[in-house]
Amino acid sequence: MDADILIIGSGMGGATLAAALAPTGRRILIVERGERLADSPEARDPVAIFQRGHYKPNETWRDISGAALHPGNYAYVGGNTKFYGAVLLRYRAEDFAPLRHIEGTTPGWPVSYAELEPFYSQAETLYRVRGDAAQDRTEPPHSTPYPFAPVPDEADIFTLRAAFTAQGLHVAALPLGVDLDRWLARAPTTWDAFPDTTGAKSDAENCGLAAALKHPNVTLLTGTKVTRLIAEGRRITGVEVDRAGRHETLTATTVVLAAGAILSSALLLASANADHPTGLANGSDQVGRNFMNHNLTGMVAWNPFRRNRTVYEKTIQINDFYLTGGPDGEPLGNIQMLGRITGPILAGEAGLPLWLARHIADHSIHIMAMSEDLPDPNSRVLWQNGEVVLDWRRTNTRAHDLLVGRLKQAMRRAGWPITLARGFPKSKPSHQCGTNRMGADAGTSVVDPNLKAHDLDNLYIADASVLPTSAAVNPSLTVAALALRLGQHLSAT
Ligand SMILES: Cc1cc2nc3c(=O)[nH]c(=O)nc-3n(C[C@H](O)[C@H](O)[C@H](O)COP(=O)(O)OP(=O)(O)OC[C@H]3O[C@@H](n4cnc5c(N)ncnc54)[C@H](O)[C@@H]3O)c2cc1C
């Protein structure tokens, strides 16, 4: 055996699980297709990142029409968290029970908020979250306070906060995993979508993996892509990898898949065999289904007569419409700062000439509306002809449109009258989740509440694919909390 526990993927789920398991002394092997992300001038160059796609993997997926998709889905040690906005929010307590939305009711979770709460607290400690739970009326109970005070608002955000408050809105600090001084010491940019190369972001590499690798029983294999899982009956007996063109088969007593929602499902589907003809762990036919990513709209709220002097911008959120606001009191979602959009970023994202993009970016505020999307079995990841196919169907869009309307109104009242809003494109599956969902019923879910595959006795899943609902908050802290809970479960077995 190469390991007691082999973890596929070193992102939020995989790295956090490794941190939880490391003290057990078991031999943990983390297999990661990417390499460590080294510092270089591109790390803070918006032209390289937003116009040239410097860090995007050389990978092509297809949409359902067959058109090529070059996804913003990153392949480095630490996974997508290397680029994340480091917003580390808990799901609200209400998200764990069925919630009635405008276009349907969520299924609820097989795990309650109270059960997950201690792991949220541990995750906030591991990921050094900065926040103030008392500022947010929708924040669920915390057994421990955030380990650090919130990241400070810049002057223009302080003014915006006051303008929202004057409208009767309740503004709260965004819980963030970023060491501001350390981040800004490298270059004066925001952090969302910029890779961390200095240890300033609380990402999976700097926190989960760093904690795990302090233990001699934990090994990280980089540049090693898992191509197939070999199953015999109800057990995974081998993990086929491609290491710099060399094919090997690794073995472990327990295998944990944490390759990210889309690629974990794709790997299970690609590993079909005679015993599992529609893919591994797919007796329920749910692998790859229920793809969710949130309904996300970025907004540039412009006033040609005002200036935005911020550098990072991303410090506040509004949850007044999180649980209500629809025509019959249905939830609409979360509002949070997007992160400072500069001329080169806007030019890259909107295809504007740089001079115009610079003018708009410097005379506008940048904010985001995020609404829950619902699990739809027809919104799915497929594996066809050796390629990932993403048949992404949006749901619950009416709630999102209403939220965007509320946000436009709030921005106008705050003195930013011209609002330009655009939905995030399908090439950015940044909040991907749901495709191997957790449930107590083996007929309608892929993994059980302990995250073990219903159909296999030594396969677990620890990434965002297991989330049965997307809620309307950023997913990472919940992925981390579930991984810590799985760590406790595996430690006891
Ligand atoms: C620009 C951006 C901003 C974001 N901002 C936020 C935010 O502010 N807050 C938040 O909560 N979330 C944010 N997210 C989402 C967050 O990054 C993900 O929810 C989180 O990383 C999911 O964790 P995961 O373990 O499921 O997958 P990942 O963290 O993506 O990890 C998957 C890992 O598996 C590896 N892998 C994949 N296939 C294989 C294979 N075949 N063999 C070996 N290794 C493999 C990948 O390289 C990767 O390292 C953002 C994402 C992006 C892209």
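Below is a summary of the structure that appears in this document. Please read these numbers as outputs of a predicted model, since none were measured by experiment. (Residues numbered from 1 in each chain as written. Predicted model: local features only at pLDDT ≥ 70, side-chain atom pairs only at ≥ 80, totals over all residues. Heavy atoms only, no water.)

This structure, assessed with the given rule, holds 25 salt bridges. Here aspartate 39 makes a salt bridge to arginine 186, at a shortest N to O gap of 3.1 Å. Taken together, the residues aspartate 39 in the loop between strand E2 (28-31) and helix H2 (46-51) and arginine 186 in helix H5 (residues 180-186) connect sequence positions 147 residues apart. Here arginine 186 falls in the partly exposed class, since its relative accessible area comes to 27%. When the shortest N-O distance is used, the salt bridge between aspartate 156 and arginine 309 registers 2.3 Å. One end of the pair, aspartate 156, is in helix H4 (residues 155-166); the other, arginine 309, is in the loop between strand E13 (295-302) and strand E14 (316-318), and 153 residues separate them in sequence. Overall, the relative accessible area of 12% leaves aspartate 156 in the buried class. Residue arginine 309 is classed as exposed on the basis of its relative accessible area of 61%. By sharing partners, the salt bridges in this structure join Arg36, Lys82, Asp203 and Glu205 into a single network. (Salt bridge = Lys/Arg side-chain N within 4 Å of Asp/Glu carboxyl O. Helix = DSSP H or I, 4+ residues; strand = E, 2+ residues; numbered from the N terminus. Buried < 20%, exposed > 50% of the residue type's maximum accessible area, 1.4 Å probe, protein only.)

Now for the site of the ligand. Surrounding the ligand, one finds 36 residues, the nearest of these being Gly13, Glu32, Asn80, Val87 and Ser476. Within the backbone of glycine 79, an N or O atom sits 3.3 Å from an oxygen atom of the ligand. Between the ligand and glycine 85, the relevant distance is 2.8 Å, taken from a nitrogen atom to a main-chain nitrogen or oxygen of the residue. Look at the ligand: alone it shows 1,000 Å² of surface, and the protein chains cover 95% of it. Of all the elements in the fold, those that place two or more residues in the shell around the ligand are helix H1 (12-21) and strand E9 (224-232). No other element matches E9, which puts three residues into the shell around the ligand. (Near = heavy atom within 4 Å. Polar contact = N/O pair within 3.5 Å; in protein donor to acceptor, adjacent residues only side chain to side chain. Areas by Shrake-Rupley, 256 points an atom, 1.4 Å probe, with all protein chains shown as cover.)

This part is about the sheet that holds strand E15 (residues 334-337). Taken in spatial order, the six strands of this open sheet run E7-E14-E15-E16-E13-E19, and their pairing is antiparallel. Edge positions in the sheet fall to strand E7 (171-173) and strand E19 (418-423), since each has one partner strand and no second. Direction aside, the axes of adjacent strands within the sheet are offset by 25° on average. Pairing geometry for E13 and strand E16 (residues 364-371), over eight bridges, is antiparallel. Considered in E16, the bridge of threonine 297 is made with alanine 369. Where helix H10 (residues 397-413) meets the sheet, it contacts E13, E15, E16 and E19, and its direction lies at approximately 155° from that of E16. (Pairing = 2+ DSSP bridges. Axes fitted to C-alpha atoms, helices over the stretch in contact; angles between N-to-C directions. Contact = heavy atoms within 4.5 Å.)

On their own, these measurements won't tell you what the molecule is for.
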